[in-house]
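Close look at the chain arrangement
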Amino acid sequence: MSAVAEIPVAPPASSSAPSVLQRFSALDRSKRLRFGAGIALLVATVVAAVVLNRQPDYKVLFSNLSDKDGGAIVAQLSTMNVPYKYSEGGGAILVPAERVHDVRLRLATQGLPKGSVTGFELMETNRFGVTQFQERLNFQRGLEGELTRSIQALSSVQSARVHLALPNQNGFFREQQKPSASVLLSLYPGRFLDRTQLAGIVHLVASSVPEMSPSAVSVLDDTGKLLSQSPDTAAGSSGAIDAQQLSYVQQIEQQYTRRILDILEPVVGKNNVKAQVTAEVDFSQSEQTSEQHRPNQTPDSSAVRSQQVVESSGGTQGNQPPAGVPGAASNQPPQPSTAPINGANPAPTAGNGQQGQAAGSKRESITNYEVDKTVRVTRAGSGAIKRVSAAVVVNYQAIAEAAGKAPQAKAFTPEQIEQMTALVRETIGYNKDRGDSVNIMNTQFLVDNTPAVELPLWKQPEMIELAKSLGWPVGMSLFAALILLGLVRPAIKGMNQPPAPAAAVAAGRLGDAKNAHLMSLDVAAKRLRLFKADLLDYGSVAAAIAGCDDVFHVACPVLLSAPNPGAHISLFSAK
């Protein structure tokens, strides 16, 4: 019983070379599956790389928003179809970098973010019938908001609150109460305000409120520490040393140390001298007032302040006004003279007992001179150096005793040490009266022979950052190369592989004894090729007849299980 298996025969190709589709069809099923999987994975890798590289770079839109403003902005971004995300911790809202400015302007037209700090815009919503107290309260709140905005503009300030105490001014009070202010600051982590910045905040608040003194402004941080100091409790008067004064002392010590090294290193060599300087600085502020008075009786040094001259002149006794104690005794007529018997007759006297005489002139002069006074006020500046102490260590000198021998370390002579001491004293401005001291020690330095541990290349921070930045693209490239080399390339190589030559077939692929008579023909090496094909697999048959014009099919499979094998016998021919 014979049977024939029907094998579909593709129409002959128009060209002699097989097409790509025919080559793909000629592959077995496992190769076709691997080739399809490789192409699919390669396409997926390329698409993933393109999509990830096209992800927008997000930048901060707004940060440090209140919950109310944050919710309003997120709702508006959803309405505007703008993608957004939160930073780690939810402290900021991020949007694509190319849309930051556009979104900010569009949100600004809607008044977002409104912010938790309100300024003088409170005065724009005053309603009719507002009392004077409410108007003053709104003005105070607006002024506090404006000051808060100004202080928050500083780079180191994260948030601020300003409280103003504005007393009610009344013209009936003899002494008006002065206004005062308190400022609470919250700084960014790792930042601080120096003295000049604090003074700027204090003067900003004091200049914004009429009749407010800078000493009436208190500045605190979020830990409750008082940052500002009044003049009564300043560092100079209280004796405390702040960070700025400590930095000033350190600068002086470093300057003196650098001077000592610069003067001794050329003598003993670099790294052969170590120096430390301690400076005591007086930051106290003193004021001295002296007043001196000196005589100024000489004409060239005297100065007349004021001068008064009174002159009076009189006539005879008859014109002299009455004098004496008023009363009956002085208001008597002249008595008769009682001249003695012998002697000259004295002149008559008046009733008041005064003799008649000619009245003379009277002159009074009063001169006031300026007092020679000298007032000298001396204010001693802070930061004066009270005492300087310097300690210097010098290494032994290396002296070569003979040629070819290693130099030996020897100590400096006392004369050399004394010369170095004199140099150091002149360098630091040595003053014996204030108690300065300079000590120089000559000893041998210990050499540390511990080898330096070099950090491996793969542990260096630069290499770690480079690996993080290049990890994703390099990984994608390696994955794509693995797909190409492991799945796609073998399939393509199988499609392009030519039929097995006759020599290879004769070597044992199709059996040496069975095909030896065919390979022994004269033209077999050039014109004869043997193929091993499965007649039930069209792919294997198509590879054998690829490029042929005529095919003589002399073999046919027989299916023993067919009910009528003879009906299935057919001759295959392709033209």
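To be clear, the structure that these remarks concern was listed above.
Residues numbered from 1 in each chain as written. Predicted model: local features only at pLDDT ≥ 70, side-chain atom pairs only at ≥ 80, totals over all residues. Heavy atoms only, no water.

**Comments concerning the sheet that holds strand 7 (residues 273-282)**
Filter applied, for reference: DSSP bridges decide pairing: two strands pair if at least two such bridges lie between them. Only DSSP runs of H or I with at least four residues qualify as helices, and only runs of E with at least two residues qualify as strands; both kinds are numbered from the N terminus onward. Working convention: axes come from line fits to C-alpha atoms, limited for helices to the stretch in contact. Angles between N-to-C directions cover 0 to 180 degrees. What makes two residues a contact is simply this: any of their non-hydrogen atoms within 4.5 Å.
Pairing within the open sheet is mixed, and its 3 strands lie in the order 7-12-15. Whereas interior strands pair on both sides, the edge strands pair on one side only; in this sheet they are strand 7 and strand 15 (437-442). Between one strand axis and the next, the sheet turns through 10° on average, direction left out of account. The sheet strands contacting helix 8 (residues 243-268) are strand 7 and strand 12 (384-394), and the helix crosses strand 7 at an angle near 150°.

**Points about the packing of aromatic side chains**
Basically, it comes down to this: Here the aromatic set is Phe, Tyr and Trp, taking the six-membered ring for Trp, and pairing holds for ring centres within 6.5 Å; pairs whose planes are under 30 degrees apart are stacked, those over 60 apart are edge-to-face, and all others are tilted. In this scheme, the term charge over a ring applies when either NZ of a lysine or CZ of an arginine sits within 6 Å of the ring centre and within 35 degrees of the ring normal.
With the rule as written, the count across this model stands at 2 aromatic pairs. With centroids separated by 6.0 Å and ring planes inclined at 80°, the aromatic side chains of Y84 and Y86 adopt a geometry described as edge-to-face. A ring pair is formed by Y248 and F283, whose centres lie 6.1 Å apart and whose planes are at 70°; its orientation type is edge-to-face. Of this pair, Y248 sits in helix 8 while F283 sits in the loop between strand 7 and strand 8 (286-294), and the two are 35 residues apart along the sequence. When the ring centre of Y430 is taken as reference, the NZ or CZ atom of R425 above it lies at 4.9 Å.

**Considering helix 8**
Definition in use: Any helix carries an expected span of 1.5 Å times its number of residues minus one. Residue burial is assigned from relative accessible area. The probe radius is 1.4 Å, only protein chains are included, and a residue is buried under 20% of its type maximum, exposed over 50%, and partly exposed in between.
The end-to-end C-alpha distance of helix 8 is 36 Å, a good match for the 38 Å that 26 residues give at a rise of 1.5 Å each. The complete set of buried residues in helix 8 reads Q245, V249, I252, Y256, T257, I260, L261, L264 and V268. Backbone geometry just after helix 8 places G269 at a positive phi near 100°.

**Re the environment of V74**
Position of V74 relative to the elements: it lies in helix 3 (residues 67-79). Here the alpha-carbon distance between V74 and Y84, two residues 10 residues apart in the chain, equals 8.2 Å.

**As for the pairing of strand 5 (residues 180-187)**
Alignment of strand 4 (residues 157-165) against strand 5, held across 8 bridges, turns out to be antiparallel. Looking at the pairing, R161 lines up with L184 of strand 5. Both strand 5 and strand 6 (residues 217-221) contribute to a ladder of 5 bridges, which runs parallel. For V183, the partnering residue across the bridge sits in strand 6 and is V219.

**Comments concerning unusual backbone geometry**
With a phi angle near 55°, N81 is a residue other than glycine that sits in the positive phi range. Inspection of the secondary structure puts N81 in the loop between helix 3 and strand 2 (85-86). Judged by its relative accessible area of 63%, N81 falls in the exposed class. Although it is not a glycine, N271 adopts a positive phi angle of roughly 65°. Along the polypeptide, N271 turns up in the loop between helix 8 and strand 7.

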